[in-house]
Amino acid sequence: MTKILVVDDNEQNIYMLQILFAGHGYDVDTAQHGSEALQTARQSPPDMIITDILMPVMDGFELCRQWKADERLYGRPFVFYTATYTDPKDEAFALSLGADAFLIKPLDPDKLLAVINKLLHDFQENGAARPSSTSLNEEEIYKLYSERLVQKLEHKMLQLEQEIEDRRQTESALQASNQRLLQAMRDLKDMQKQIVRQERLAAVGQLAAGMAHDFNNMLSIVSLNAEVMLYRGQLSEPDVAGAQMILHQVQQAHQLIQQILDFTRRTNLERRATDLVLTLQEMVNILRRTLPENMQISLDFTPGEYVVHVDRTRIEQVVMNLALNARDAMPNGGNLNVKLANSRTLPDSLSLLSEPAEGNWIVLTVADEGTGIADEILPHLFEPFFTTKPPGKGTGLGLAQVYGIVKQHEGHIDVHSEVGRGTTFTIFLPATSSALMEGAKGPQEAIPLGEGEVILVVEDDQDTRKAILTSLEILNYRILTVANGKTALAYLERHPGIALILSDVYMPEMGGIELAEALYGTAVPVILMTGHEEEGLQHLKDEGRIIDWLRKPLNLSLLAEAIAVTINRG
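Described below are features of the structure shown in this document. Computed from a predicted structure; not experimentally measured. (Residues numbered from 1 in each chain as written. Predicted model: local features only at pLDDT ≥ 70, side-chain atom pairs only at ≥ 80, totals over all residues. Heavy atoms only, no water.)

Some remarks on the pattern of salt bridges
Overall, the coordinates contain 16 salt bridges when judged by the stated rule. With a shortest N-O distance of 3.7 Å, K3 and D29 are connected by a salt bridge. Of this pair, K3 sits in strand β1 (residues 3-7) while D29 sits in strand β2 (residues 27-31); the two residues are 26 residues apart in sequence, bridging distant segments of the chain. Under the relative-accessibility criterion, D29 is labelled partly exposed at 23%. The partner of R271 in a salt bridge is E410, with the nearest N and O atoms 2.9 Å apart. With R271 in the loop between α9 (237-262) and β6 (272-275) and E410 in the loop between α12 (398-408) and β11 (412-418), the pair connects residues that are 139 residues apart, well separated along the chain. The class of R271 is partly exposed, set by a relative accessible area of 24%. Owing to a relative accessible area of 46%, E410 belongs among the partly exposed residues under this scheme. Shared partners join several salt bridges into a network, and the residues in it are D8, D52 and K105. (Salt bridge = Lys/Arg side-chain N within 4 Å of Asp/Glu carboxyl O. Helix = DSSP H or I, 4+ residues; strand = E, 2+ residues; numbered from the N terminus. Buried < 20%, exposed > 50% of the residue type's maximum accessible area, 1.4 Å probe, protein only.)

Listed below in structure tokens is the structure:
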């Protein structure tokens, strides 16, 4: 089968080309940058390569140079497919490096296939003929290469300058002020630095998102095995304590993964009526164990009700971020005071509000005795990627993240600071009624057991599959296991008595969402499992295409309850 190697750092672009080429009978390999592409091609040379230009590690231009210098690869068609380098000079430079075609995104699929088919036909008819050598020497190539990069930077600067010019035209004060124009140019330079930092963080976020799924699989294995050991009731008291500590650490690790992913995507809020006093008491205890010993932490509140409708994990993250900022502001130690109060109004001086608002507010104050913040920095304090810390010491996302979480909860935040006298952050959250709080559960509710029903577990990770199998057998279910959705569909034809499918989302050949779509309208209910933040899964549940979805790492009691509810519903 004819093989095409697709190289692009954008997963959606890779997916679309995979679908297109595979649908027309081609075998498709993929890589996310030039270095990975060369390694893949040298191990198993493709019949053609189609690549983006702007990529991390090694871009398309350098990939082309090394491709054409490789004895095994040079004659195989090399195609650029780009949305960034669209100037005629870019095409001329690409062709001078030996590229066989230069295509600009987006291109009509039929036209793209026509180019690909012709190049492959010529290659298969004429063989791997060495391309004519370029008249450019190495110095000229690098000069042209640098010119192309500089042109892209100049183009981006022109775009940014145009944006600033548009803003300038809408503000008459800026039109008449040369001083403000100079300030705008200084802002442009800062913006360029922020763009570079944002692209780096985006790459880290992409890596973190991929790692999160694997980490949550690992945590599921640890969590489920520990819960099974506790459920069997055969452990000694020290071993019970050890297993409980394992579960606690799994939860801490899961929260850490969520915090890593927070700056890469908008997290779905799980809001419940929450007593802030209890939450902050636990947070203060954690901070006392984790922050330096020369920091004294206190929690003050007057008697009253402090119930808010929030995602507790996100509010804990707000407090943690502010506490870490206070730690950095007090290298020699000092007092960190966390305070709760009630208020009927917001202050007129609240700088982040367009107008004061009335209502019942819970006021959360976090105050330190640190170095303070200069007046000229305060207006930029909540801007993403703004930081006063040296390179490598801060991302500039902590306070921006705090601001975003507060706003997601319909709250407001204010800051007061004096250089040398400390900083106070004041957060206003809408109060809610304690009547909305969920009642306390008994010390240990019985985990619902099955009656021998057959469950098909669809999971590509062998260790995770084994941990789920062991857990479900403990719950008195009969288990069948497969590694992907395609195999699951074939299994259903041979085992019509399956009561439920429990499937991972991301798997080779066919994932859980595709499996659920294939089974939509049948009598077989589907519960999905995921290690990612998945906005789309809730939509699938609301539409009735799946019964439920569970986050990894899995919890034995929640897993048992979800399965029991689903089977009883059927």
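Next comes the rest of the description.
A word on unusual backbone geometry
Cis geometry is adopted by the peptide bond preceding P106, which originates at K105 and carries an omega value of -15°. Summarising the element assignment, P106 is placed in the loop between β5 (101-104) and α5 (109-126). We note that E410 has phi near 55°; this positive angle belongs to a residue other than glycine. A positive phi angle is found at N476, which is not glycine, with a value near 75°.

A closer look at the side chain of H33
With respect to the helices, strands and loops of the structure, H33 is situated in the loop between β2 and α2 (34-43). A relative accessible area of 18% places H33 in the buried class. A polar atom in the side chain of H33 sits 3.3 Å from the backbone nitrogen of S35. At a separation of 3.1 Å, a polar atom in the side chain of H33 contacts the main-chain amide nitrogen of E36. Not counting chain neighbours up to four residues away, the residues in contact with H33 comprise V7, M55, P56, V57 and M58. (Polar contact = N/O pair within 3.5 Å; in protein donor to acceptor, adjacent residues only side chain to side chain. Contact = heavy atoms within 4.5 Å.)

Considerations on α2
Of all the residues in α2, the buried ones are G34, A37, L38 and A41. Projected down its long axis, α2 shows its buried positions confined to an angular sector of 100°, all on one face. Opposite the buried face of α2, at more than 90 degrees from it, the exposed residues are Q39 and Q43. Its buried side turned inward, α2 meets β1, β2 and α3 (60-68). (Arc of directions from axis to C-beta.)

Considering the sheet that holds strand β3 (residues 48-51)
Pairing between sheet strands relies on hydrogen bonds along the backbone, with the strands arranged either parallel or antiparallel. Across the sheet, which stays open at both edges, the five strands sit in the order β2-β1-β3-β4-β5 with parallel pairing between neighbours. Where the open sheet ends on each side, the last strands, each with one partner, are β2 and β5. Strand-to-strand twist in this sheet, taken as the mean axis angle between neighbours without regard to direction, amounts to 20°. Judged from the three bridges that link them, β3 and strand β4 (residues 78-82) form a sheet pairing that is parallel. Its bridge partner lying in β4, I49 is registered against F78. The sheet contacts of helix α1 (residues 11-22) involve β1, β2, β3 and β4, and relative to β2 the element is tilted by about 165°. The strands touched by α5 within the sheet are β1, β3, β4 and β5, with β3 carrying the most contacts at an inclination of about 145°. (Pairing = 2+ DSSP bridges. Axes fitted to C-alpha atoms, helices over the stretch in contact; angles between N-to-C directions.)

Re a nonpolar patch on the surface
A cluster of nonpolar residues, Y15, M16 and I19, forms a patch on the protein surface that exposes about 330 Å² of accessible area. Following the sequence through the fold, I19 ends up in helix α1. (Patch = residues over 30% accessible without salt bridge, like charges linked within 9 Å, V, L, I, M, F, W, Y side chains within 5 Å. Areas by Shrake-Rupley, 256 points an atom, 1.4 Å probe, with all protein chains shown as cover.)

Topic: the packing of helix α10 (residues 276-290) against helix α11 (residues 312-329)
Where α10 contacts α11, the axes come no closer than 11 Å and their chain directions differ by 45°. Compared by their axis directions, α10 and α11 come out oblique. When you trace α10 past α11, the crossing you get is right-handed. Touching L276, T279, L280, E282, M283, I286 and L287 of α10 are R312, I315, E316, V319, M320 and A323, all from α11. Residue composition of the contact of α10 with α11, by class: nine nonpolar, one polar and three charged. (Parallel < 35°, antiparallel > 145°, perpendicular 65-115°, else oblique. Left-handed = near helix turned anticlockwise from the far one by under 90°. Nonpolar A, V, L, I, M, F, W, Y, C, P; charged D, E, K, R; others polar.)

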